[in-house]
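Close look at the chain arrangement
Residues per chain, in single letters:
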Amino acid sequence: MSETLTLTRPDDWHLHLRDGAMLRAVLPETTRHFARAIVMPNLVPPVVTAADARAYRDRILAALPEGAEFTPLMTLYLTEETDPADLLRAHAEGLITAVKLYPAGATTNSASGVRDFDKVRGVLEAMAEAGCPLCVHGEVTDPAVDIFDREAVFIDRVLDPLRRATPGLRVIMEHITTRDGVDYVRSQERDLGATITTHHLIINRNHILVGGIKPHYYCLPVAKREDHRLALREAATSGDARFFLGTDSAPHTDDAKESACGCAGCFTASNTMALLAHVFEEDGALDRLEGFASRHGPGFYGLPVNSDTITLVKSTTPTPFPARIETGDGPVTVFDPGFPVHWSVAD
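Residues numbered from 1 in each chain as written. Predicted model: local features only at pLDDT ≥ 70, side-chain atom pairs only at ≥ 80, totals over all residues. Heavy atoms only, no water.

**A few points about the packing of aromatic side chains**
Cut-off, in case you're wondering: Working definition: rings of Phe, Tyr and Trp (its six-membered ring) pair if their centres are within 6.5 Å, and the pair is stacked with planes under 30 degrees apart, edge-to-face with planes over 60 apart, and tilted otherwise. Starting at the N terminus, helices and strands are each numbered in turn, a helix being any DSSP run of H or I of at least four residues and a strand any DSSP run of E of at least two. Here the term buried applies to any residue with accessible area under 20% of the maximum for its type, exposed to any over 50%, and partly exposed to those in between, with areas from a 1.4 Å probe on protein chains only. Lysine and arginine charges are scored as sitting over a ring when NZ or CZ, respectively, is within 6 Å of the ring centre and within 35 degrees of the ring normal.
Inspection of every chain in the model, using the stated rule, returns seven aromatic pairs. Ring centres of W13 and Y301 lie 4.7 Å apart, and the angle between their planes is 15°; this geometry places the pair in the stacked category. In this pair, W13 sits in strand β2 (residues 12–15) while Y301 sits in helix α11 (residues 289–301), placing the two residues 288 residues apart along the sequence. Taken as a pair, W13 and Y301 share a single burial class, namely buried. Judged by centre distance (5.8 Å) and plane angle (35°), the ring pair of F244 and F300 falls under tilted. Of this pair, F244 sits in strand β9 (residues 243–245) while F300 is found in helix α11, placing the two residues 56 residues apart along the sequence. Just as F244 is buried, F300 falls in that class too. One aromatic cluster is present, formed by W13, F244, F300 and Y301 through successive ring pairs. Above the face of the F300 ring, R170 is positioned so that its terminal group lies 4.0 Å from the ring centre. Against the face of F148 rests R205, its NZ or CZ located 4.5 Å from the ring centre.

No statement about biological role is implied by the geometric values presented.
Below, the structure written as structure tokens:
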């Protein structure tokens, strides 16, 4: 006998779709299960103006599979030259849902990000007044700071001072990876939420390094110690509405991942919901999965919850997932949790 679980259709509050052939190949993996997604703007060149966002949105809509019902929620890439008037118009028109802050050099295609935070204070103040959320990649890029400490240091050096200086600014700490991130969110009474990825609920840094380097587990922020992973699991499954799903699903071709300087990112769009059902069941929290995947994100962004549903099915035999998907740019490996999963999304 199979077990079923019906949920309000989920959203992905942090997604990389890339462009061109890669966009056309990976988009169906998201639209199969998700109704909306916050789309990251770190293309080359990045999405920095309303015109850029409109053009990128149009390319995404043109790439939708026939019959798919999916809304891309666009973002602008914050730079030290961002025009606040252009940003505010885009937000007022509903063209963008949020703005993305990358510290320069923190992750893939972040070279155009912010180096001097004083130069963006005026933009952030205007965003706070207009109610435009800020999505933050929360790591410092100081080479003197160990890569495993960069999230905690960012909170102390950058994020907390920035929020104190800009009251009313709604901030999403994206893809938190540490107990420090969990504790900081919980210490704040308002205007702060956090996304948690699927893969950070499953892997720690041993999975990347023990027994040989596993490039398809390498991501940024990098997975941390086991006690941090357990803190993320507890936060995600707790029912606390400040934590919600953002997969950070990030497609790279296998040759780019398996090179001498491999790209950071895990591609989880294909199997996220099945993996989350496994995690939440393992932690005795299946009744809280709908909140994490379908309700907390819309609540924080002030958007309506989706009206349709998906059904997850648990079977006695493991669910087969594709090892990779083929794209016009080359194969992309699908995240492998390293254990059998018995959940799947019903067709």
